[in-house]
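# Tertiary structure, described
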Amino acid sequence: MRRFRELDDAFSEALRQLDDPDNSLDIPTGPPVRSLATLEREEQEERKVGQQAQQERQQLEQQRQERQRQEAREKALELEFERRLHELMGDYAQSAESVSRLLVSLESRESVD
């Protein structure tokens, strides 16, 4: 019983010290309590940041897809050009070497103009 009273007295003393604004004890406390308005504002900011990040990801994905479509169009045009060039070379019985010389001479002529 005596031990119980000692514990009770120590507990009472600790409570009085906690209530005393001028106590010199360094009693650890939990994190500061934030208001509900602050918590809601933080949640809104987090949602806004999340939405912005989602929009940025969507924009990047759209840009990537557009680049892929553009590359596919360019590749298709290149293949069509090569097909038509080979067809013309066959129609006019021209070798790759003679066509190459023709293109070089045309290019040098354009750079002079």
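Notes on the structure follow. Bear in mind that the values here come from a model prediction, so they are computed numbers and not experimental data.

## Section: the overall build of the protein chain
Within the protein chain one finds 3 helices and 0 strands. Starting at the N terminus and walking to the C terminus, you meet the elements of the protein chain as α-α-α. Over its C-alpha atoms the protein chain spans a radius of gyration of 41 Å, topping by over 25% the 13 Å that the globule rule assigns to 113 residues. Within the protein chain, buried positions represent 4% of all 113 residues. For the protein chain, the exposed area adds up to about 11,000 Å²; of that, 53% sits on carbon and sulfur atoms.

## Some points on a negative patch on the surface
Taken together, the side chains of Glu 71, Glu 74, Glu 78 and Glu 82 define an acidic patch exposed on the protein surface. Residue position: Glu 74 is located in helix 2 (residues 36–91).

## Describing the environment of Gln 65
Position of Gln 65 among the secondary structure elements: in helix 2. Using a relative accessible area of 32% as the deciding quantity, one classes Gln 65 as partly exposed. For Gln 65 and Phe 4, which are 61 residues apart along the polypeptide, the C-alpha to C-alpha distance reads 75 Å.

## A short note on a nonpolar patch on the surface
A contiguous nonpolar surface patch, about 300 Å² in accessible area, is contributed by Phe 11, Leu 15 and Leu 18. In this structure, Phe 11 sits in helix 1 (residues 2–19).

## A few points about the pattern of salt bridges
What the rule picks out here adds up to 9 salt bridges. Of the charged contacts, one joins Glu 43 and Arg 47 as a salt bridge, the two residues approaching to 3.7 Å between their closest N and O atoms. Of the two residues, Glu 43 and Arg 47 both sit in helix 2, 4 residues apart, roughly one turn of that helix. Taking the relative accessible area as the measure of exposure, Glu 43 reaches 44% and is therefore partly exposed. Of the charged contacts, one joins Arg 73 and Glu 66 as a salt bridge, the two residues approaching to 3.3 Å between their closest N and O atoms. The network of salt bridges with common partners includes Arg 2, Arg 3 and Glu 6.

About the criteria used
- Residues numbered from 1 in each chain as written.
- Predicted model: local features only at pLDDT ≥ 70, side-chain atom pairs only at ≥ 80, totals over all residues.
- Heavy atoms only, no water.
- Helix = DSSP H or I, 4+ residues; strand = E, 2+ residues; numbered from the N terminus.
- Rg over C-alpha atoms; globule rule 2.2 N^0.38 Å.
- Buried < 20%, exposed > 50% of the residue type's maximum accessible area, 1.4 Å probe, protein only.
- Areas by Shrake-Rupley, 256 points an atom, 1.4 Å probe, with all protein chains shown as cover.
- Patch = residues over 30% accessible without salt bridge, like charges linked within 9 Å, V, L, I, M, F, W, Y side chains within 5 Å.
- Salt bridge = Lys/Arg side-chain N within 4 Å of Asp/Glu carboxyl O.
- Lys, Arg positive; Asp, Glu negative; His and termini not counted.
- Charge placed at Lys NZ, Arg CZ, Asp CG, Glu CD.

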